[in-house]
Amino acid sequence: MTFRASVAALALALALGPLVAGVAAQSREVFIPLLVYRTGPYAPSGIPIANGFVDYFNLINERDGGINGVKLVWEECETQYDTKQGVECYERLKGKAAAVVNPYSTGITYQLIPKAPVDQVPILSMGYGMSASSDGRWFPWVFNFPTNYWSQASAVVRYIAQQEGGLDKLKGKKIVHVFHNSPYGKEANPTLETLAKQYAFELTLLAVDHPGQEQGATWLQVRRINPDWIFMSGWGVMNQVAVKEAASKGIKMDRFIGNWWSANDSDVVPAGEGAKGYKGSTFHAPGTTFKVHQEIVKHVYDKGKGAAKKESMGEPLYNRGIVNAAFVAEALRTAMAKYGNKPPTGEQVRWGFEHLNLTDKRLDEMGMKGFTHAVKVTCEDHEGSGPILVQQWDGKKWNVVSDWIAPMREIVRPKIEEAAVQEGGKLQYTMRDCSKEK
Amino acid sequence: MIYREAGQFKTTYSSDQAIFPIVQDKWLAGALVVAAFLVPPLVADEYWLQAVLIPFLIYALAAIGLNLLTGYAGQLSLGTGGFMAVGAYAAFKLTTAFPALNILVVIVLAGVIAALVGVVFGIPSLRIKGFYLAVATLAAQFFLVWLFNKVPWFVNYAASGTITAPPRTVLGVMVTGPQSTAGARYVVALGIVALFALTAKNLVRGRIGRSWMAIRDRDIAAEIIGVRPLRTKLLAFAISSFYCGVAGAEFVFLYLGSAETLAFDITLSFLVLFMIIIGGLGSILGSFLGAAFIVLVPIFLTNAPHMVGLALPVALQKQIELMVFGALIIFFLIVEPHGLARLWQIGKEKLRLWPFPH
């Protein structure tokens, strides 16, 4: 073959490759697609999560040889937090017998929710996605434990009340919600509006358009309102800009609380000293003082297989990647306990998620005691209304400054059930009867 | 091509004015369309249909729409994303309000609504031209997206602000919603594109297209010979927005399944504009070539390292993809500023003389 002909043949092979691809997973492996964003305006948030994920999976493989002898294999796919690219990634990777998908974007989650029952791939949108999917009777394939945006908003309001001296003290207080103008950012709004009515605080909703590099006007407005508390649902580059703007406008940082996607090292470091005192909510502790981190260093980093730099371990979002990977691993373990020690199917993994019961004892075994809260998933409740912690930036690291704060389940759950009827109805779902589930 | 019109005598005006005056061309094009309808739904897997072919068809339709306005009528527009959003949200509102209405009718009606909106935003084109008009259409882009984000009525008061395509059937086959197969959606998208591409081709060959080109080439001269700028320009805006609106409705109903306003932001407008610049301004074929380039090349670049067994870190791979893609765009613009359609034309002329060039 001449050079030109061989180039043409290669190009043809490359072009037709995906048509014939779709290699079945090995019998002793379980495949997990990872939708990540290590580039683009959301990379500061995306990189630590992706690293935490990979490090924990590596730990399971290196230390235990997989889960019950079944190796975890994964493939990363770059989405740039863009819905269209996310769908492309999902379509490409689901064919490899994906056990579970973690979309890491509320926008992509909304895309995948209707596909999950069709493709038999459960979705774990840990602490993001559609809050209504917490009602497992309507959304059997979607999980968003340990807690969702609505629970978080109510827990943050509870925290504010604690600081003010009681829920009755909220009356007349001014609270501003600065949010990313997307389905994600808007999630907390209905809950905040309900609570504003109930506790008679003055709520102002301020939207920041994607990607959020220009927020001067927003923060001037905040300055004018002079709120008692600020809550923020930001993501990616929006967070650091917001923290910088707030600091430069002289806003009291200890009364500025980010949600759990708005409180990472990369969000506060660019603002320097100004960020000191900034708070954020979380559902797991920051830092590297836990046994699981030592194990990761020992089994992964010391073998030169670490995904991140050792110093950036312990960032809140890195730790979130670990928690998410641990949830996935435990769900696979739960599924195997029922269906045998072989790679579980999508339906079996779904069962595993639905019967996940991470007790304090189990967390201790995993080296995660005190790292995150125990969680129990049921058929009705895919969220678990887990409690949150509040962490504060001291200029060098994040410190936990609160006890576990429970969300206001009595307010949030009825709203979730109401929304599930609406959202489920849109997809023409019917409610399943959980008493009939095995 | 390697074949010629030798021996094919035209005896009527209509055969002389056909889209494909050469019989071989006609057969080839016909075979291509038939193959496009039959082969992919039978052969291609879901990934190819869902992630490659369906978006290609939809972008091609949007590119045809913009090409009518920018390439033929000479009115530079950056409002494509906004007009597509109008189509998408109009289709969503229509189909949720009248669930019994056939989804194809809904998509066409959504296009009509987009056309009306397009006319409104086309009014400034009577006074301003060129880059200044681009800025005016930019206002349409930002205003429309802002409007859909701001007013909850457009999303039926969904808390999240997303619109979801409900399940709808055509002739008893599910074509939208999660239960529909990618094959069915592909055939619908292809049918719409084929129909509208043929319409566009005939439009630009006829009186309307000629008046657009007259306006584009020199509007004062066009006015003197009797082309009415008001009607011509607004018609261009209306038809272009109609195409974009239909593409936008398809974008949500046949491709994404659910969408938020972010899907229609300014990057979409730029993407479609790049498609027609790379594909060829003032060419229907160019719209397809440009869409293919912009949709397929990044996907090809993403998959290429995997196929040769190269496991690159995803971030590095994405950066390489962006760099190569950018370089390719510059390369093609330097090699042929008139776009891929012109390259195709040159290739055809060369082949006509092959293997004995002068």
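This is a predicted model, so every value here is computed, not measured.

**Q** Can you explain the overall build of chain A? Please cite residues and give values.
**A** A tally of helices and strands in chain A yields 16 helices and 13 strands. Relative to a compact globule of 438 residues, whose C-alpha radius of gyration would be 22 Å, chain A shows 22 Å and is just as compact. Its C-alpha atoms put chain A at 75 × 60 × 45 Å along the principal axes. Within chain A, the fraction of its 438 residues that count as buried is 58%. Intrachain contacts of chain A at a sequence separation of at least 6 include 71% that bridge at least 24 residues.

**Q** Run through the overall build of chain B, naming residues and quoting values.
**A** When you go through chain B residue by residue, the secondary structure sums to 14 helices and four strands. Taking the principal axes of the C-alpha coordinates as reference, chain B spans close to 70 × 60 × 45 Å. The buried share of chain B, taken over its 358 residues, is 46%. Taking the intrachain contacts of chain B between residues at least 6 apart in sequence as the baseline, contacts between residues at least 24 apart amount to 75%.

**Q** How would you explain unusual backbone geometry if you had to name every residue and give the values?
**A** Negative phi is the rule for most residues except glycine; trans is the rule for most peptide bonds. A cis geometry characterises the amide bond from A:Phe145 onward to A:Pro146, with omega recorded as 5°. Note the cis peptide between A:His210 and A:Pro211, where omega equals -5°. Following the sequence through the fold, A:Pro211 ends up in the loop between strand E6 (202–208) and helix H9 (216–225). For A:Gln80, which is not glycine, the phi torsion reads 55° and is therefore positive. With respect to the helices and strands, A:Gln80 occurs in the loop between strand E2 (71–78) and helix H3 (83–94). Here B:Leu171, not a glycine, exhibits a phi torsion of approximately 50°, which is positive. When you line up the elements, B:Leu171 lands in the loop between strand E2 (169–170) and strand E3 (173–174).

**Q** So, the nonpolar core: which residues are in play, and what are the values?
**A** One recurring pattern in soluble globular proteins: nonpolar side chains tend to sit buried together. Counting residues in each nonpolar core, the largest one holds 242 residues, and the members touching the most others are B:Ile58, B:Tyr59, B:Leu61, B:Ala62, B:Ala88, B:Tyr243 and B:Val252. Here the element with the most residues in this core is helix H3 (residues 46–72) of chain B; it accounts for 19 residues. Residue-level mapping places this core at the junction of two domains, with at least three residues from each of domain 1 (23–147 + 287–386) and domain 2 (149–282 + 390–411) of chain A. Beyond its immediate stretch of four places on either side in the chain, B:Leu61 contacts B:Ile192, B:Val193, B:Phe196, B:Tyr243, B:Val246, B:Ala247 and B:Glu250.

**Q** Quick one: what's the story with the sheet that holds E6(A), residue by residue and with numbers?
**A** Working definition: the strands of a sheet are paired by backbone hydrogen bonds and lie parallel or antiparallel to each other. Residue and element names in this part refer to chain A. Spatially, seven strands are ordered E6-E5-E7-E8-E9-E12-E13 in an open sheet, and the strand pairing comes out mixed. Bordering the open sheet on either side are E6 and strand E13 (398–400), each of which pairs with just one other strand. Direction aside, neighbouring strands of the sheet carry axes that sit 25° apart on average. Looking at chain direction, strand E5 (residues 174–180) and E6 are connected through seven bridges and run parallel. Note on E6: the bridge partner recorded for Val 176 is Thr 204. Set on the sheet, helix H8 (residues 189–199) makes contact with E5 and E6; between it and E6 the angle comes to about 165°.

**Q** Give me the lowdown on the domain arrangement of chain A, citing residues and values where you can.
**A** Residue and element names in this part refer to chain A. When its domains are assigned, chain A resolves into domain 1 (23–147 + 287–386) and domain 2 (149–282 + 390–411). Just the C-alpha atoms count here: the centres of domain 1 and domain 2 sit 27 Å apart. Listed by partner, the interface residues are 19 residues for domain 1 and 23 residues for domain 2. In the side of domain 1 that touches domain 2, the residues fall into nine nonpolar, eight polar and two charged.

**Q** Report on the confidence of the model for chain B, specifying residues and quantitative values.
**A** Mean pLDDT over chain B: 91, with 99% of residues reaching 70 or higher. Model confidence for the complex is summarised by a pTM of 0.87, with the ipTM given as 0.83.

**Q** Tell me about the pairing of E5(A), residues and numbers included.
**A** Within a regular strand, the side chains alternate between the two sheet faces. Residue and element names in this part refer to chain A. Among the seven residues of E5, six are classified as buried, and the element is accordingly described as predominantly covered. Here E5 pairs with strand E7 (residues 229–233) via five bridges, running parallel. The residue of E7 that forms the bridge with Phe 179 is Ser 233.

**Q** Go over the packing of helix H2 (residues 23–43) of chain B against helix H7 (residues 182–205) of chain B with me, naming the residues and quoting the values.
**A** All names here are of chain B. Between H2 and H7, the shortest axis-to-axis distance is 9 Å and the interhelical angle comes to 170°. Taken as axis vectors, H2 and H7 run roughly antiparallel relative to one another. Here H2 and H7 pass one another in a crossing that is right-handed. Of the residues in H7, those touching H2 at Val 33, Ala 36, Phe 37, Pro 40 and Pro 41 are Gly 183, Tyr 186, Val 187, Leu 190 and Ala 194.

**Q** Tell me about the interface of chain A and chain B, and name the residues and values.
**A** Chain A puts 35 residues into the contact, and the matching count from chain B is 33 residues. By residue number, the principal contributor to the side of chain A that touches chain B is H3(A), which donates five residues. Residue classes in the side of chain A that touches chain B are distributed as 14 nonpolar, 11 polar and 10 charged.

**Q** Please provide a residue-by-residue account of helix H12 (residues 291–301) of chain A, values included.
**A** Residues and elements named next belong to chain A. Taken together, the buried positions of H12 are occupied by Val 292, His 293, Ile 296 and Val 300. For H12, the buried positions fall inside an angular range of 100° around the axis, keeping them on one side. Packing partners of the buried residues in H12 comprise helix H2 (43–64) and helix H13 (316–339).

**Q** Could you give me a rundown of helix H10 (residues 229–256) of chain B, with the residues and numbers involved?
**A** Residue and element names in this part refer to chain B. With 28 residues, H10 extends 38 Å between its outermost C-alpha atoms, agreeing within 8% with the 40 Å of an ideal straight helix rising 1.5 Å per residue. At Glu 250, H10 is deflected by roughly 35°, the largest bend along its length. Of all 28 residues in H10, 24 are buried, a share of seventy percent or more. Just downstream of H10, Gly 257 is the residue with a positive phi angle, here 90°.

**Q** Got a sec to walk through the confidence of the model for chain A? Specific residues and values, please.
**A** All names here are of chain A. Mean pLDDT over chain A works out to 88, with 94% of the residues at or above the 70 mark. The secondary structure element of chain A with the lowest average pLDDT is helix H1 (residues 3–20), at 47, and the one with the highest is E7, at 95. This model gives residues 10–26 a pLDDT under 50, and the stretch forms 17 contacts once residues within four places in sequence are excluded.

**Q** Give a detailed account of the pairing of strand E1 (residues 29–36) of chain A, specifying residues and quantitative values.
**A** All names here are of chain A. Taking burial as the measure, the eight residues of E1 include seven buried ones, the bulk of the element. Relative to E2, E1 runs parallel, the two sharing eight bridges. By the bridge assignment for E2, Leu 34 is matched with Glu 76. For the handedness criterion, the β-α-β arrangement of E1, H2 and E2 is classed as right-handed.

**Q** A description of the environment of B:Val227 should follow, citing residues and the corresponding values.
**A** Residue and element names in this part refer to chain B. Relative to the elements of secondary structure, Val 227 occurs in the loop between helix H9 (219–224) and H10. A sequence separation of 108 residues divides Val 227 from Val 119, and the C-alpha atoms of the two residues are 18 Å apart. With residues up to four places along the chain from it excluded, the contact list for Val 227 reads Ser 211, Ala 214, Ile 215, Ala 222 and Thr 232.

**Q** Residue-level account of the environment of A:Phe327, with values.
**A** Looking at the secondary structure, you find A:Phe327 in helix H13. The contact partners of A:Phe327, leaving out residues within four places of it in the chain, are A:Leu124 and A:Met126.

**Q** Describe the environment of A:Asp360, listing the residues and the values that go with them.
**A** Residue and element names in this part refer to chain A. As for its position among the elements, Asp 360 is in helix H15 (residues 360–365). Separated by 14 residues in sequence, Asp 360 and Ala 374 have C-alpha atoms that sit 5.5 Å apart. Excluding residues within four positions of it along the chain, Asp 360 makes contact with Lys 369 and Ala 374.

**Q** Which residues make up the packing of H7(B) against H10(B), and what values do they have?
**A** Residue and element names in this part refer to chain B. In contact at an axis separation of 11 Å, H7 and H10 are set at 175° when each is read in the N-to-C sense. Overall, the two elements H7 and H10 adopt an arrangement that is roughly antiparallel. Where H7 abuts H10, its residues Arg 185, Val 188, Ala 189, Ile 192 and Phe 196 lie against Tyr 243, Val 246, Glu 250 and Leu 254. Among the residues making up the contact of H7 with H10, the classes are represented as seven nonpolar, no polar and two charged.

Reading the values: the criteria
- Residues numbered from 1 in each chain as written.
- Chains lettered and ligands numbered in written order.
- Predicted model: local features only at pLDDT ≥ 70, side-chain atom pairs only at ≥ 80, totals over all residues.
- Helix = DSSP H or I, 4+ residues; strand = E, 2+ residues; numbered from the N terminus.
- Rg over C-alpha atoms; globule rule 2.2 N^0.38 Å.
- Buried ≥ 20, exposed ≤ 12 C-beta atoms within 10 Å, placed from the backbone.
- Contact = placed C-beta atoms within 7 Å.
- Core = buried A, V, L, I, M, F, W, Y, C linked by C-beta atoms within 7 Å.
- Domains from an automatic or database assignment.
- Pairing = 2+ DSSP bridges.
- Axes fitted to C-alpha atoms, helices over the stretch in contact; angles between N-to-C directions.
- Nonpolar A, V, L, I, M, F, W, Y, C, P; charged D, E, K, R; others polar.
- pLDDT = per-residue confidence, 0-100.
- Parallel < 35°, antiparallel > 145°, perpendicular 65-115°, else oblique.
- Left-handed = near helix turned anticlockwise from the far one by under 90°.
- Arc of directions from axis to C-beta.
- Expected span 1.5 Å × (residues − 1).
- Bend = angle between axes of the 7 residues up to and from the residue.
- Right-handed = clockwise from strand over helix to strand, strands pointing away.

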